[in-house]
Amino acid sequence: MATYISLIKFTQQGIATIKDGPARLDSGKETLKALGSELKGFYLTMGRYDIVAISEAPDDEAAAKVALAIGSAGNVTTETLRAFTEDEYRAIVAALP
């Protein structure tokens, strides 16, 4: 499974209904699961982003579906990054011409 890091910001709607946040997190986990993915880490953060989530998905298409499904609810915006493990990094570099 591929690893993804999502940088998440609350929208005005999302922060206005923040007390519903834990239930939305549970719903998001179910969305990931339904799309063959899994939430591996969740962090409330301070600074430019409100949340950092680490997930695994079978491929980029599944990760895109997760981001679109969660974003379409209107509570957050996401920026998702494909992350490579140290072993993947070493293999990529080793394969360079």
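Now for a description of the structure that goes with this document. Per-chain numbering applies: the sequence of each chain, read as written, is numbered from 1 onward. Totals for whole chains, interfaces and linings use all residues, but because this is a predicted model, local features are given only for residues with pLDDT of at least 70 and pairs of side-chain atoms are given and counted only at 80 or more. With hydrogens and water stripped out, all remaining heavy atoms of the structure feed into the side-chain values.

Looking at the pattern of salt bridges
Phase 1: What counts as a salt bridge is simple: a side-chain nitrogen of Lys or Arg found within 4 Å of a carboxyl oxygen of Asp or Glu. Tallied over the full model, the rule gives four salt bridges.
Phase 2: The shortest N-O distance in the salt bridge between Glu61 and Lys65 comes to 3.3 Å. Separated by four residues within a single helix, Glu61 and Lys65 lie in helix H3 (residues 60-71), roughly one turn from each other.
Phase 3: Glu88 is the partner of Arg82 in a salt bridge, and the nearest nitrogen-oxygen pair spans 3.8 Å. Runs of H or I in DSSP of at least four residues are treated as helices and runs of E of at least two as strands, each being numbered from the N terminus.

With respect to the packing of aromatic side chains
Phase 1: For Phe, Tyr and Trp, rings pair up if their centres lie within 6.5 Å, where Trp contributes its six-membered ring, and each pair is then called stacked (planes under 30 degrees apart), edge-to-face (over 60) or tilted (otherwise). Counted under the stated rule, the structure contains zero aromatic pairs.
Phase 2: Any Lys NZ or Arg CZ found within 6 Å of a ring centre and within 35 degrees of that ring's normal is scored as a charge over the ring. The aromatic ring of Tyr49 is capped on one face by Lys9, whose charged end is 5.4 Å from the ring centroid.
Phase 3: Between Arg82 and the ring centre of Phe84, over which it is positioned, the NZ or CZ distance is 4.2 Å.

A word on the sheet that holds strand E1 (residues 2-10)
The pairing of strands in a sheet happens through backbone hydrogen bonds and is either parallel or antiparallel.
Phase 1: Strand order in this open sheet of four strands is E2-E3-E1-E4, and the pairing throughout is antiparallel. A strand with exactly one partner marks an edge of an open sheet, and here the two such strands are strand E2 (38-44) and strand E4 (76-83). Each strand of the sheet is rotated relative to its neighbour by a mean of 20 degrees, with strand direction disregarded.
Phase 2: With eight bridges joining them, E1 and E4 adopt antiparallel strand pairing. When DSSP finds two or more bridges between two strands, those strands count as paired. Throughout, an axis means a line fitted to C-alpha atoms (over the contacting stretch in the case of helices), and angles, computed between N-to-C directions, take values from 0 to 180 degrees.

So, the pairing of E2
Phase 1: In this sheet, strand E3 (residues 51-57) lies alongside E2 in antiparallel orientation, the contact comprising six bridges. Within E3, the residue paired with Leu44 across the bridge is Ile51.

A few points about the layout of surface pockets
Phase 1: Considering only enclosed or pocket space, the largest pocket measures out at about 690 Å³ in volume.
Phase 2: The method works on a 1 Å grid over the protein atoms by themselves. A cavity is a set of points holding a 1.4 Å probe that cannot get out, a pocket is an open set with protein on both sides within 12 Å along at least five of seven lines, and residues with an atom within 4 Å of a point line them. Forming the boundary of the largest pocket are 33 residues, of which Ile8, Arg24, Leu25, Phe42 and Ile70 lie nearest the centre.
Phase 3: Broken down by secondary-structure element, the contributors of at least two residues to the lining of the largest pocket are E1, helix H2 (21-34), E2, E3, H3 and E4.
Phase 4: Sorting elements by how many residues they give to the lining of the largest pocket places H2 first, with nine residues. Grid points are joined across faces, edges and corners, and a volume is the space filled by probe spheres set on the points.

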